[in-house]
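Chain residues, written in single-letter form:
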Amino acid sequence: MRVVRAELDKQPSDVRRMFDAVARRYDVTNDVLSLGQDRQWRKAVIAAVDPRPGERVLDLAAGTGTSSQPFADRGAEVVPCDFSLGMLKVGKAAKPHLPFTAGDGTQLPFADDTFDAVTISFGLRNIVDPLAGLREMRRVTRPGGRLVVCEFSHPTWAPFRTVYVEYLMRALPPVARALSSSPDAYVYLAESIRAWPDQQGLAKMVEAAGWQAPEWSNLSGGIVALHRATA
Ligand SMILES: C[S@@+](CC[C@H](N)C(=O)[O-])C[C@H]1O[C@@H](n2cnc3c(N)ncnc32)[C@H](O)[C@@H]1O
């Protein structure tokens, strides 16, 4: 079998194939690798978006819809969008009530000003051109609407940052090998996290994409950061 692994230059077709391949075990692997912390991170995303019943929310790079379901639970009209048909199929089988939509984050299949809020969890880092993705998210958000980006970031305490980098680079691939049918995807995960901009760097990118007043909060000591901004 061909080894499925996106390189850091992130060819979109490689990224898509990689997620197609991990789709079936995606959610369980996530839970184990994050030691269950992903649940807290997802709660923080919902609190930051604070969706009102009936609001239209785009969850970009929604994968299997795990990041989308809590919006539906709050009465929002959430649209999970992703370009991996493998992830969408697994999502649709488990959550047939959600309107899963195939779409590329750099060319979204939605009109201008469609959404009250747009959010992306653990997806922006994977988009081939994240600045273009943020611009597209801005285009489809109504004036005054909000953005919430949840993404791996840089731990703020230097000694912990060192341990974390060691954990990522050494522990993650063998653990993933035991759990996932595509362990190389998790080598990509570790490498792409290391190559991703820090909190301030991402805030600058958000602003450069046309969003107003970006700010962020750190979760789990900066392992994850939530960036918020307004259209
Ligand atoms: C790590 S998963 C995150 C899934 C979900 N948001 C979650 O929190 O569990 C990243 C997702 O980004 C999607 N993705 C990567 N590049 C994309 C693009 N250009 N357009 C749409 N989706 C993309 C992948 O297909 C994958 O499903």
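Residues numbered from 1 in each chain as written. Predicted model: local features only at pLDDT ≥ 70, side-chain atom pairs only at ≥ 80, totals over all residues. Heavy atoms only, no water.

Going by an unreviewed UniProt entry, the protein chain carries the name Demethylmenaquinone methyltransferase and comes from Nocardioides caricicola. Turning to the protein chain, the UniProt record has this under Catalytic activity (unreviewed entry): "a 2-demethylmenaquinol + S-adenosyl-L-methionine = a menaquinol + S-adenosyl-L-homocysteine + H(+)". Per its UniProt entry, the protein chain bears the Sequence similarities (unreviewed entry) comment "Belongs to the class I-like SAM-binding methyltransferase superfamily. MenG/UbiE family." (UniProt positions renumbered as here; feature names shortened; annotations may be inferred.)

1. Some thoughts on the pattern of salt bridges
Counting across every chain of the model gives nine salt bridges. With a shortest N-O distance of 2.8 Å, aspartate 112 and arginine 139 are connected by a salt bridge. Placement of aspartate 112 in the loop between β3 (101-102) and β4 (115-121) and of arginine 139 in helix α6 (residues 130-139) is noted, with a sequence separation of 27 residues between them. Classification of arginine 139 as partly exposed rests on a relative accessible area of 26%. With its nearest N and O atoms 2.8 Å apart, the salt bridge here joins aspartate 116 to arginine 142. (Salt bridge = Lys/Arg side-chain N within 4 Å of Asp/Glu carboxyl O. Helix = DSSP H or I, 4+ residues; strand = E, 2+ residues; numbered from the N terminus. Buried < 20%, exposed > 50% of the residue type's maximum accessible area, 1.4 Å probe, protein only.)

2. What about the pairing of strand β7 (residues 224-230)?
Here β7 lies mainly inside the structure; five of its seven residues are buried. Bridge count for strand β5 (residues 141-152) against β7 is seven bridges, and the pairing is antiparallel. Residue pairing for β7: glutamate 151 is matched across the bridge by alanine 225. Bridge analysis of strand β6 (residues 212-219) against β7 gives six bridges, and the strand direction is antiparallel. For serine 217, the partnering residue across the bridge sits in β7 and is leucine 226. (Pairing = 2+ DSSP bridges.)

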